Structures are given as C-alpha cells and as structure tokens.
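# Summary of structural features
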Amino acid sequence: MARKPLISGNWKMHHNHFEAIQTVQKLSYQLTGADYDAVDVSIHPPFTDLRSVQTVLDADEIPIALGAQHCHWEDKGAFTGEVSPLMLAKLDVAYVIAGHSERRDLFGETDEMVNRKVKAILAAGMTPIMCVGEHLDEREAGVTEERVSSQLRAGLAGVSPEQVGAMVIAYEPIWAIGTGRTATPDDAQTVCATLRKVVGEAVGAEAAEGVRIQYGGSVKPTNTAELMAQDDVDGALVGGASLDPDNFSRIVQYRLGG
Ligand code: PGA
C-alpha cells in the first residue's frame, strides 16, 4: 500500500496572526495542484493564529491542512492556559502534534500525558502527530532504538489498530532539532523501520503498513529528497525551514529536485 507523504510545518512560537496570514498566502501562490496530489501538507501555527489561518484557507480554498502544536486531553475545565481538543476540532484543525521534544523537555510532558493526548485528539476526530526521539547522550550510548521504541509503545497504549494505522508518528532526534545537524538518510531509515516494526508488534501488521512516519530535525530544501527516498520515511516535520514560504514550498516540492 502506498502511503501518501505528509509534510508538516511546525512554526513553534513564531509568526503573529498577521504574519501567519501573509505566510500562508505566499505559500499558496507557490504550491500547485500537482503538489497537493503528490503530498499532503499541514501547517501548525501558534494558537493565536489558528482562526485567522483557518479563515484564509477556507475563503481561498487552499488545500493545506490546519494543524496545532499541542493541546490538553480534557474537553473542558479548570486548566488555566490550556486549549482543548474540542476547541481545535471546531476550528477545522486536522492534525495535532503530541509529545514534541520541546514540550517533553521544557514543559515536563511525560509518556503518560502524551498517551492521554493522543487518545483525546483521536476522540475529537483529529489525527495526532506523535513525536519520539532520543537525546544526543542516548544516541552516543547506543540506546536510540530502545528509547524511541519505549516512547512509542507508551504513547500508543490503548489506541486501537485502526486508529494507529491512520495516525502519524514523527521521529525527531533531539540533537538534530534546530541545530543544522540532520540524521543521515540511512540512520533516519533505520529508526523509522524500527518504529514501524514496533507498531506491528504492538497493534498488528495492517496498522504498521498504514501508519505514516515522518522524519524531523533540520529538514531543509537540500536534504528533503534523500530523506524522503527512504522506504520507511513517509514525510517530514519541519521547524525552522517552514517559517519561510519559499523554503517550505521547496521542501514540499522535493520531488522536483529541491
Ligand atoms: P527544525 O525543527 O526543523 O527547526 O530542526 C523540527 C521540529 O522541531 O519539529
């Protein structure tokens, strides 16, 4: 079964809503119907931009999926500062990142919290992009695959095979995020293949075949094609290079030669 690639732009804490509107419009001028046929595209602006971006995507009929970077797992309640999955679903958000390493490392998200979010995102009818990844010391100690496999198993606990088969996993080696260092295509392939194997063991072969696995960490126009050429790499989660519409459109158009 061919998995359609998903290229996602994670803007992190960049672009106010005016800048967001401009960025999306510029991006839409660069991308063509052939691009959207070849690749699914999502953008993940900060919460304060979501409504503005949704309105532009809708009014101009731009086939870019709206994404969020984070959410809480409860539908509502006394959780000052948090945003619920239902609120995001109401804004036509399609994809929500869960367990980005910045959330894990800077804001204390645990595997258990990530698992709750994944389930809540699915229950609200959206698709989770669940991130896993190893720190540099873990890579150097040779425990990368063990580390990401345990994050993956914990994050998927109690999720049905059908749901896993339709979701997205992002392999993001933490030492490669925002550093300009990228995993080699071989390394990315090895870890993504391991993740697919773990999905197969945990929930079955069909889910393993369907699940899309992105690579993330210093993806740029010049390295996307070789990463995407790997069998088990089905997309990219792009941070810094997604802020600029020229760069991001070249990444989406990797098949044209960067
Ligand atoms: P980067 O970030 O592309 O800037 O390395 C990737 C991410 O954090 O999703």
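All of the points below concern the structure found in this document. Please read these numbers as outputs of a predicted model, since none were measured by experiment.

### Some words on the overall build of the protein chain
Tallying secondary structure elements over the protein chain gives 13 helices and eight strands in all. Relative to a compact globule of 258 residues, whose C-alpha radius of gyration would be 18 Å, the protein chain shows 17 Å and is just as compact. Overall, the C-alpha framework of the protein chain stretches about 50 × 45 × 35 Å when taken along its three principal axes. Long-range contacts, defined as pairs at least 24 residues apart, comprise 73% of the intrachain contacts of the protein chain with a sequence gap of at least 6. Total accessible area on the protein chain is roughly 11200 Å²; 52% of this is exposed by carbon and sulfur atoms.

### So, the sheet that holds strand 1 (residues 6-10)
Strand order in the closed barrel formed by eight strands is 1-2-3-4-5-6-7-8, and the pairing between neighbours is parallel. Averaged over neighbouring strand pairs, the angle between their axes works out to 25° when direction is ignored. As defined by bridge partners, strand 4 (residues 93-98) adjoins strand 5 (residues 127-132) across four bridges and the pair is classed as parallel. Note on strand 5: the bridge partner recorded for V96 is P128. With respect to the sheet, helix 3 (residues 50-59) is in contact with strand 2 (40-44), strand 3 (65-68) and strand 4, its orientation differing from that of strand 3 by roughly 170°. Contacts from helix 13 (residues 245-252) reach strand 1, strand 2 and strand 8 (235-238), with the element oriented near 160° to strand 1.

About the criteria used
- Residues numbered from 1 in each chain as written.
- Predicted model: local features only at pLDDT ≥ 70, side-chain atom pairs only at ≥ 80, totals over all residues.
- Heavy atoms only, no water.
- Helix = DSSP H or I, 4+ residues; strand = E, 2+ residues; numbered from the N terminus.
- Rg over C-alpha atoms; globule rule 2.2 N^0.38 Å.
- Contact = heavy atoms within 4.5 Å.
- Areas by Shrake-Rupley, 256 points an atom, 1.4 Å probe, with all protein chains shown as cover.
- Pairing = 2+ DSSP bridges.
- Axes fitted to C-alpha atoms, helices over the stretch in contact; angles between N-to-C directions.

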